[in-house]
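A closer look at the structure
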Amino acid sequence: MTQVFNFSAGPAVLPKEVLGQAASEMLDWHGSGMSVMEMSHRGPEFISIHEQAEADLRELLAVPANYKILFMQGGGLGQNSLVPLNLAGRKPHGAALGPATIDFVHTGSWSGKSVKEAARYAKVNVAASSEANGFTAVPPQDAWKLSTDAAYLHVCTNETIDGVEFNFVPTVQGDTPIVADMSSHILSRTIDVSKYGVIFAGAQKNIGPAGLTLVIVREDLLDHALPICPGVFNWRAVADADSMLNTPPTYAIYIAGLVFAHLKRQGGVAAMEQRNIDKARLLYAALDADDFYRNRVAPDSRSRMNIPFYLRDESLNDKFLAGAKARGLLQLKGHKSVGGMRASIYNAMPIEGVQALVDYLNEFAGRRVSP
Ligand code: PMP
């Protein structure tokens, strides 16, 4: 089989071991005579898969007992609607009558989409934005203009397109819950779940296949849905039904479970974080070596997962991508909204893949690098 390194932003590379295990269990899961895809979601086999996946995730992220883990559908974008639909009914003491206020920090494309969608259900207050400087840094917390009566604060802690990552947990006023879209960096670094009210993530980057959406929600936030919230997406109803309110994406949950078990064998999230630091350092050093390439993000906001970069001479873009492809370095084209290049180096990207990219970056730039 051809060796390739896949730098896609998502759906993205999965651990080879996981794919191998899934292949070996494809036709007959643990002597059941069935593929996981064929099992009833209410049968004992799938229930054991589901329970193990949830327990492993709880352990990996040290999710406190007063948080529910929901396996949902609808993707990260679905939660852009489902978070306000489930949480805009929360009215802090002293809040004005009428629609709730939701605070946002606008750090790039994905938080921008969240703001737009939430405006359909509530008043939105963009407490801070880095739009004026092209989304190249998380605005400093002391400049945020948070509301006193927000139902919650929404942040996207890793902007997949812009390559901007939070390196701190926001401080909020009173008991305002923080909702974090962690789609593109969940499980890549240790987090203190107790600092957040809700964490959500589409699975197709660091968790498993597309089609599964993870929602981690503190129990006291389950009961603030607006009356128009669709029943099947009501967090309380989903939680009470152990994510089996309707047929869940069973195969995606199974693969996610294999990924969680794999991460545990790798030493857990702290071990992955150290590897991710090493990988990102290697790649940024090559981009920063001279002005042949350029990453525009402020050093303290640079993402460890999604690294956009531009060639100084953009007329070389096609040549760069063709040369990369010829070396098995795939999916390096930047998002169409920002152009340039982007290397996504999720948990499952081995350091060898990053090294192969660095070697190519140096070669293409005509740099002499001592072996
Ligand atoms: N949020 C972030 C940070 C993302 O990167 C993405 C997808 N790239 C989304 C939300 C949307 O996710 P989905 O395609 O699963 O709806």
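Residues numbered from 1 in each chain as written. Predicted model: local features only at pLDDT ≥ 70, side-chain atom pairs only at ≥ 80, totals over all residues. Heavy atoms only, no water.

The subject of this paragraph is the packing of aromatic side chains. Counted under the stated rule, the structure contains 12 aromatic pairs. With 6.0 Å between their ring centres and 85° between their planes, Tyr 293 and Phe 309 make a pair best called edge-to-face. On the criterion of sequence distance, the pair formed by Tyr 293 in strand E11 (residues 293-294) and Phe 309 in strand E12 (residues 306-311) is long-range, its members being 16 residues apart. As far as burial versus exposure is concerned, Tyr 293 and Phe 309 are alike and both buried. Each ring, one from Tyr 293 and one from Phe 320, has its centre 6.2 Å from the other, and the planes form 65°; the classification is edge-to-face. Here the residue Tyr 293 occupies a position in strand E11, and Phe 320 occupies one in helix H8 (residues 317-326), the gap between them amounting to 27 residues. Its relative accessible area of 2% is what places Tyr 293 among the buried residues. For Phe 320, a relative accessible area of 0% translates into the label buried. (Phe/Tyr/Trp six-rings, centres within 6.5 Å; stacked < 30°, edge-to-face > 60°. Helix = DSSP H or I, 4+ residues; strand = E, 2+ residues; numbered from the N terminus. Buried < 20%, exposed > 50% of the residue type's maximum accessible area, 1.4 Å probe, protein only.)

Right, let's get into the sheet that holds strand E10 (residues 213-218). Sheets are built from strands that pair by backbone hydrogen bonding, the pairs being arranged parallel or antiparallel. Read across the sheet, 7 strands follow the order E2-E10-E9-E8-E5-E3-E4 without closing on themselves; strand pairing throughout is mixed. The open sheet has two edge strands with one neighbour each: strand E2 (67-72) and strand E4 (123-129). Neighbour-to-neighbour, the strand axes of this sheet turn through a mean angle of 20°, independent of strand direction. By the bridge criterion, 4 bridges tie strand E3 (residues 101-106) to strand E5 (residues 150-156) in an arrangement that is parallel. Looking at the pairing, Ile 102 lines up with Tyr 152 of E5. Its contacts with the sheet place helix H4 (residues 109-118) against E3, E4, E5 and strand E8 (178-181), and it is angled at close to 160° to E3. (Pairing = 2+ DSSP bridges. Axes fitted to C-alpha atoms, helices over the stretch in contact; angles between N-to-C directions. Contact = heavy atoms within 4.5 Å.)

Turning our attention to unusual backbone geometry. The residue after Gly 10, namely Pro 11, is reached through a cis peptide bond having omega -10°. For Pro 11, the position within the fold is in the loop between strand E1 (5-6) and helix H1 (16-25). Positioned with a positive phi, Leu 187 is a non-glycine residue whose angle comes to about 70°. In this structure, Leu 187 sits in the loop between E8 and strand E9 (198-202).

Attention shifts here to the site of the ligand. Taken together, Gly 75, Gly 76, Leu 77, Trp 110, Cys 156, Asn 158, Thr 160, Asp 181, Ser 183, Gln 204 and Lys 205 form the complete shell of residues around the ligand. Interatomic distance of 2.9 Å between a side-chain N/O atom of Gln 204 and an oxygen atom of the ligand. Contacts to the ligand include Lys 205, whose side-chain N or O atom sits 2.8 Å from a nitrogen atom. When the ligand sits alone it has 390 Å² of accessible area, and the protein chains cover 83% of it. In terms of residues, the shell around the ligand owes the most to one element, helix H3 (residues 75-87), which gives 3 residues. The residue makeup of the shell around the ligand, split by class, is 3 nonpolar, 6 polar and 2 charged. (Near = heavy atom within 4 Å. Polar contact = N/O pair within 3.5 Å; in protein donor to acceptor, adjacent residues only side chain to side chain. Areas by Shrake-Rupley, 256 points an atom, 1.4 Å probe, with all protein chains shown as cover. Nonpolar A, V, L, I, M, F, W, Y, C, P; charged D, E, K, R; others polar.)

With antiparallel pairing, the 3 strands of this open sheet are ordered in space as E11-E12-E14. Taken across any chain shown, the strands that pair with only one partner, and hence form the sheet edges, are E11 and strand E14 (341-344). With 4 bridges connecting them, E12 and E14 associate as antiparallel partners. Across the sheet, Ile 307 pairs through a bridge with Ala 343, a residue of E14. Contacting E11, E12 and E14, helix H7 (residues 268-288) runs over the sheet at an angle of about 10° to E12.

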